[in-house]
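Each chain, letter by letter, is given below.
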Amino acid sequence: MNLCLDRVLDIVALREFRATLAQLPFADGAATAGWHARAVKHNLQARHPQLGVRLQQALQAHPLLQAAALPARMREPLFSRCLPGMGYDNHVDDALMGHQEPLRTDLAVTVFLSDPADYDGGELVLDSHSGVQAYKLNAGQALLYPATTVHRVEPVVRGERLVAVLWIQSFVRDASQREVLFDLDTARRQVWEQAGGRATPTFELLAKTYANLLRAWAQT
């Protein structure tokens, strides 16, 4: 299940992020790739703890991400820059990241920081059983997708592609269970709104089922 998240960062935050990142030294992204991905990863990367925390807070506050991902932990974001000729060929993200407290990468998030008109190429391409899908979202938007997916970043041919990438360990490990919970949560919210913010018997049944399935499936 791939989901586009609107308004993760507003215009003011985007300006601040871009200005700060413009002053950072970026290093070869291959340094953080697994041994089999280094040959296909051609980008520049940097970390910034303060921006990373702000981005994590923005994502934690996003209702769609909360409903779909049920995040237990988030990895510190990596800021990625691709200049002309740079990209990232087909790969699957590492299943575990970190050494002292490894994080299981259930989901990945790419937050787009560049306006799509500012660069050509650079599409994020996901290859799944449902087919190939390419994404080039507006600045401030994000894509949430399974980290199990084979994906790539097409080479940039003009301009600069600037994104932030991070990974999520969910309270619910199984993707099909997360999707059931997401559908139930969507349904109960729709029933609540249609009833004018009242707890109808249908809402209460959906809320009970959601809570009990989450209780059964969640790992803490």
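Here the structure is a predicted model, which means the values were calculated and not measured. (Residues numbered from 1 in each chain as written. Predicted model: local features only at pLDDT ≥ 70, side-chain atom pairs only at ≥ 80, totals over all residues. Heavy atoms only, no water.)

You can see Cys 82 is positioned in strand 6 (residues 78-82). The class for Cys 82 is buried, based on a relative accessible area of 3%. Residues Cys 82 and Pro 116, spaced 34 residues apart in sequence, show a C-alpha to C-alpha distance of 13 Å. The contacts of Cys 82, once residues within four sequence positions are left out, are His 42, Asn 43, Gly 87, Val 156, Gly 159, Glu 160 and Arg 161. (Helix = DSSP H or I, 4+ residues; strand = E, 2+ residues; numbered from the N terminus. Buried < 20%, exposed > 50% of the residue type's maximum accessible area, 1.4 Å probe, protein only. Contact = heavy atoms within 4.5 Å.)

Here the focus is helix 2 (residues 49-60). For helix 2, with 12 residues, the first-to-last C-alpha span of 16 Å sits near the 16 Å given by 1.5 Å per residue. Where helix 2 is concerned, the buried positions are Leu 51, Gly 52, Leu 55, Gln 56, Ala 58 and Leu 59. With its buried residues spanning 160° around the axis, helix 2 presents them on a single face. Of the exposed residues in helix 2, the ones pointing more than 90 degrees away from its buried face are Gln 50 and Gln 57. (Expected span 1.5 Å × (residues − 1). Arc of directions from axis to C-beta.)

In terms of nonpolar packing, the biggest core is built from 32 residues, with Leu 9, Leu 59 and Leu 144 touching the most fellow members. Listed by contribution, the elements that provide at least two residues to this core are strand 1 (3-5), helix 1 (11-22), helix 2, helix 3 (63-69), strand 10 (107-112), strand 14 (142-146) and strand 17 (161-170). In this view, Leu 144 contacts Met 1, Asn 2, Leu 3, Leu 5, Leu 65, Ala 68, Ala 69, Leu 107, Ala 108, Val 109 and Ile 168; residues no more than four positions away in its chain are not counted. Core analysis: the second largest hydrophobic core is formed by 18 residues, Leu 78, Tyr 119, Tyr 145 and Val 163 among them. (Core = buried A, V, L, I, M, F, W, Y, C linked by side-chain atoms within 4.5 Å.)

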